[in-house]
Amino acid sequence: VDLLQRQGAVGDFLVRPAQNVGQYSLAVKTYDRVQRFLIQKHATGYYVFGGRMFNSLDAVVERYKKEIILDGLKLEIPIPNVRTRSERDRQIQNRRRQTGTKRREGEEEGERE
């Protein structure tokens, strides 16, 4: 979570096991902090998040890459997969090419909307 706070861009996230068995923590970098969410694995095998049931943790992540999770934010890039700032910058540029978005005036490389 410290890495996410220090080096993550807005929308970057990580998922990891929580302290209790069958629970997972989803941490998302917001504009001013890291927000944590709890994902619980139900006895049926489904993962429960935000009152919804999902077949897998990947399904949770994929849904919130497309839908707003908090304060107008969607999940962007998972932090463990980003090794360096330049790699993250390349991923951001590729995502912008795919979505047709551009950097805002005054925005530095590595920052996102």
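Residues numbered from 1 in each chain as written. Predicted model: local features only at pLDDT ≥ 70, side-chain atom pairs only at ≥ 80, totals over all residues. Heavy atoms only, no water.

### With respect to the pattern of salt bridges
The condition is simple: When a carboxyl oxygen of Asp or Glu lies within 4 Å of a side-chain nitrogen of Lys or Arg, that pair is called a salt bridge. Working definition: helices are DSSP H or I runs of at least four residues, strands are E runs of at least two. Numbering for both runs from the N terminus.
Under the defined criterion, the tally for this structure stands at four salt bridges. A salt bridge links Glu62 to Lys65, with the shortest nitrogen-to-oxygen separation between them at 3.8 Å. Of this pair, Glu62 and Lys65 both sit in helix α2 (residues 57-66), three residues apart, roughly one helical turn. Where Glu67 meets Arg63, a salt bridge forms, and the shortest distance between an N and an O atom there is 3.1 Å. When salt bridges with common partners are traced through the structure, they connect Arg52, Arg63 and Glu67 into a single cluster.

### Describing the packing of aromatic side chains
Convention followed: Any pair of Phe, Tyr and Trp rings, taking the six-membered ring for Trp, is counted once the centres come within 6.5 Å. Such a pair is stacked with planes under 30 degrees apart, edge-to-face with planes over 60 apart, and tilted for the rest.
All chains considered together, the criterion is met by four aromatic pairs. A connected cluster of aromatic rings, assembled from ring pairs, spans Phe37, Phe49, Phe54 and Tyr64.

### Comments concerning the side chain of Asp12
Note the cut-off: Summary of the burial criterion: residues with accessible area below 20% of their type's maximum are buried, those above 50% are exposed, and those between are partly exposed, where the area comes from a 1.4 Å probe applied to protein chains only. Two N or O atoms count as a polar contact when they lie within 3.5 Å, although within protein this holds only if one can serve as hydrogen donor and the other as acceptor, and sequence-adjacent residues are included solely when both atoms are side-chain atoms.
Mapped onto the elements, Asp12 comes out in the loop between α1 (2-7) and β1 (13-17). Look at Asp12 and you get buried, because its relative accessible area is 0%. Within the structure, the side chain of Asp12 is placed 2.8 Å from the backbone nitrogen of Ala9, a separation counted as a polar contact.

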